[in-house]
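# Coordinate analysis (summary)
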Amino acid sequence: MFPQSGDLLKSASVISGEEHVVNYSIVKWMHDEEEIKMGALQALQIGLWSVWVSGILLIAISLYATQRLPLSKNPNFNHGSSSDLDTPKITIFTAPTPFTGSLGTKQSLAIRSWLALSPQITVILFSQHPSAASFATSLRSRVLVEPDIDFTFLGVPFFHSMVARSRAFTSDIYVFVDTETILLPEFVLALNYAHELDNDWLLFASPRNVSNFPFYLDEDGKYWLKEDGKRKHLQDTLGASWQWNCCEGRMMIAWNNGELPLHHGVLPPFLYGRGVHNHWLINEALSSGLRFVFDASWAISILALGNSRPWSNGLVKSSTVSDIEKGWEYDGNSHLAALYGSSSLHESNYSGVMKLLKCDGHYLLINTTEDILHPYAYKRMSLWKGSIAKCWKSKKTLVCVSGTKKSQNRMSGCFLRDRLVPPKTLKFPFSLESLLSITADKNKTVVLTVAGYSYKDMLMSWVCRLRLLRITNFLVCALDYETYQFSIMQGLPVFNDPSAPSNISFNDCHFGTKCFQRVTKVKSRMVLKILKLGYNVLLSDVDVYWFRNPLPLLSSFGPAILAAQSDEYNQTGPINLPRRLNSGFYFARSDGPTIAAMEKVARHAATSGLSEQPSFYDTLCGEGGSTRKGDNRCVEPETNLTIHFLDRNLFPNGAYLGIWERKNVKAACKKLGCLVLHNNWISGRMKKLERQVLSGLWDYDISTRMCLMCLMCSENKLTRNFET
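This structure is a prediction, so every number in the text was calculated from the model and none was measured.

Thresholds, definitions, all that
Residues numbered from 1 in each chain as written. Predicted model: local features only at pLDDT ≥ 70, side-chain atom pairs only at ≥ 80, totals over all residues. Heavy atoms only, no water. Salt bridge = Lys/Arg side-chain N within 4 Å of Asp/Glu carboxyl O. Helix = DSSP H or I, 4+ residues; strand = E, 2+ residues; numbered from the N terminus. Buried < 20%, exposed > 50% of the residue type's maximum accessible area, 1.4 Å probe, protein only. Pairing = 2+ DSSP bridges. Contact = heavy atoms within 4.5 Å. Axes fitted to C-alpha atoms, helices over the stretch in contact; angles between N-to-C directions. Phe/Tyr/Trp six-rings, centres within 6.5 Å; stacked < 30°, edge-to-face > 60°.

### A word on the pattern of salt bridges
A complete count under the given rule lists 13 salt bridges for this structure. Of the charged contacts, one joins Arg274 and Glu329 as a salt bridge, the two residues approaching to 2.3 Å between their closest N and O atoms. Of this pair, Arg274 sits in the loop between β11 (252–256) and α9 (277–288) while Glu329 is found in helix α10 (residues 327–339), placing the two residues 55 residues apart along the sequence. Judged by relative accessible area, which is 1%, Arg274 ranks as buried. Judged by relative accessible area, which is 1%, Glu329 ranks as buried. For Asp497, the salt bridge identified is with Arg525, shortest N-O distance 3.2 Å. Here Asp497, found in the loop between β20 (494–496) and α15 (514–532), pairs with Arg525, found in helix α15; they are 28 residues apart in sequence, far enough to count as distant. Judged by relative accessible area, Asp497 falls into the buried class, the value being 7%. Where salt bridges share partners, they join Lys600, Glu636 and Glu638 into one cluster.

See below:
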């Protein structure tokens, strides 16, 4: 790479010749200075030689000094990364339980171990619990909280919602891992290697269980210390105590930010931490063939602290729910795995998956069953595939590969254990009474809705809106078996009414139909039953869109008052005219007068050939409105219950002010101050759906079975958080 002496002389001669040409006229009459000029030429040659010799000497010294730099021979001793200049940006996603007690301590230790690996690592916590926000604040911008995903009524996050929300973050590598998992430095080294692969990829790694972990990180997060404060080598200390754990759902999964999706099709609504979902994702990625999938369990040490535990976000009273009662969650995941994807889970076999090994200081991608190296292992050499090459057949490498084979044999069958497909019918272990105790708020109030299968999508849009408003005290009464099963899979607190009418029409059960008349009578019966159990009820049809939480206002009405929406469409005049009480939205307290009055309504509706709505008005306000008081009240004389008709500016019906016909329905309601807007006064299920979807008052993605949590708003928020 350096010029030879002859080249230098030749160059010098050229330079000399050029100078003589340029100065020819001067030399002719300054012949006496020729010796001086030749001396300058010699000085130039000597100077050039000095530069080249000095350069060679400096390069040699630099190479020697680099080789003599002290390198850490045990990356687990010094927890920090030696160099982060070329490290890709890694975002780790996890869903913690509340940061309280021993579990909170484990989670805090684990997350600190992740952050200590590299300044390029950011952690995202999927949680709605206040303790997560407090914990994230203590670690500044490197830990962020993302609450806008779907949770079940017991607070369990949905895995498909977590994966979808992760796309709102910009990162080179995405990682999903359990919160009680310690990651060691080879985690970053292995991901650095994977990041250099030419193709899009997905890797997974099974954890090793550690029953006792007597270590903590120093203040700087660089070294692991034991109780005596001395630095310890983790692998030397724990090597004999950890055990492989590939059967549970605590494995780590990572993929690069590439152009290709992880798999074909849609990710089902699996419950996070309830088994199956990780294995399903790996199996689908393998079957789809879109990405290079490999097992990094032997290249990355993942330590699972203790046994896996049932997941809860601590926001609901799920402590009253036993582990036995939570078995339906695991059955539900297995049920989904059998219904969706290329094959059922129990047929999966990962023995032929490429393994990432680190043998004798080199990373290898190898099929251990056939001793075949993958060409990705030679991306900077010739693309070669075949039996292990001679250059890799060192004694250390062969011992390493042999040890991997032995450990793989001990793990065989692990993915097949207890993976039988559950029966078609999912058994929900909760009675109405138990659901009430779990979901009711501190005032013993619940929001009740009633729905059949033809309105399942509108039900989910209604649920998603309540979730976005952080309203969790709702219940669903399913009118049929299909709605009941659907609601279970969507994580809803659902119960069925055994006395509900059968043969409910899918498209012909709207206002005015015989089907509608039969179905509506279920609502008053269910409300009465819940009132008798000691709970206040806000009954809301699924076609009522909630802009804000109306419960604070409705709860301000005192006892013996039933607050109901008015169906009056005229802009002026009384709003309590005959049969203008809307039984699709009302608030009832669990007190003597209300219960007695509701019993009268239910009896009247049972013998009526109409829907329950006329029974409400005729019973509570008298036929023709004989017990009306003023323009917005009635008083039922026998029970002395007051019926208050709600302000239509706050609780407009579907015909008031022509709001649904406005170009921007949301803006019109915001200007009016609406708390809710009823999508009634329209005939036909499809017309009702079309009007609500086209107006933008829709919060559910039917294709992915996920709530629409204002993705663009979340993206803007996340960008700001990263910049700070």
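Structure shown, so let's carry the discussion forward.
### Concerning the side chain of Asp148
On the secondary structure map, Asp148 appears in the loop between β3 (143–146) and α6 (159–166). According to the relative accessible area criterion, Asp148 is buried, its value standing at 12%.

### Quick notes on the pairing of strand β4 (residues 173–176)
Both faces of β4 are covered, namely the face carrying Ile173 and Val175 and the face carrying Tyr174 and Phe176. Across four bridges, the pairing between strand β1 (residues 90–94) and β4 is parallel. Each residue of the ladder has a partner; that of Thr91, found in β4, is Tyr174. Alignment of β4 against β11, held across four bridges, turns out to be antiparallel. Looking across to β11, one finds that Ile173 is bridged to Asn256.

### Quick word on the sheet that holds strand β25 (residues 628–629)
Each strand in a sheet pairs with its neighbour through backbone hydrogen bonds, running either in the same direction (parallel) or in the opposite one (antiparallel). The strand order β20-β19-β18-β21-β24-β23-β27-β26-β25 describes an open sheet built from nine strands, whose pairing is mixed. Both edges of this open sheet fall to β20 and β25, since each of them pairs with a single strand only. Strand direction decides the pairing type here: strand β21 (residues 536–540) and strand β24 (residues 581–588), joined by four bridges, are antiparallel. Within β24, the position partnered with Leu539 by the bridge is Tyr586. Its contacts with the sheet put helix α12 (residues 432–439) on β18 (445–451), β19 (474–478) and β20, and the angle it makes with β19 is roughly 155°. Each of β24, β25, β26 (633–636) and β27 (641–645) touches helix α18 (residues 612–620); the most contacted strand, β24, lies at about 65° to it.

### Section: the packing of aromatic side chains
As enumerated under the stated definition, the model contains 26 aromatic pairs in all. Taking the centre distance of 6.5 Å and the plane angle of 85° together, the rings of Trp328 and Phe430 count as edge-to-face. Of this pair, Trp328 sits in helix α10 while Phe430 sits in the loop between α11 (395–411) and α12, and the two are 102 residues apart along the sequence. On the accessibility criterion, Trp328 (6% relative accessible area) is buried. On the basis of relative accessible area, Phe430 is assigned to the buried category, the value being 7%. Aromatic side chains Tyr586 and Phe616 sit 5.0 Å apart centroid to centroid with 55° between the ring planes, which places their arrangement in the tilted category.

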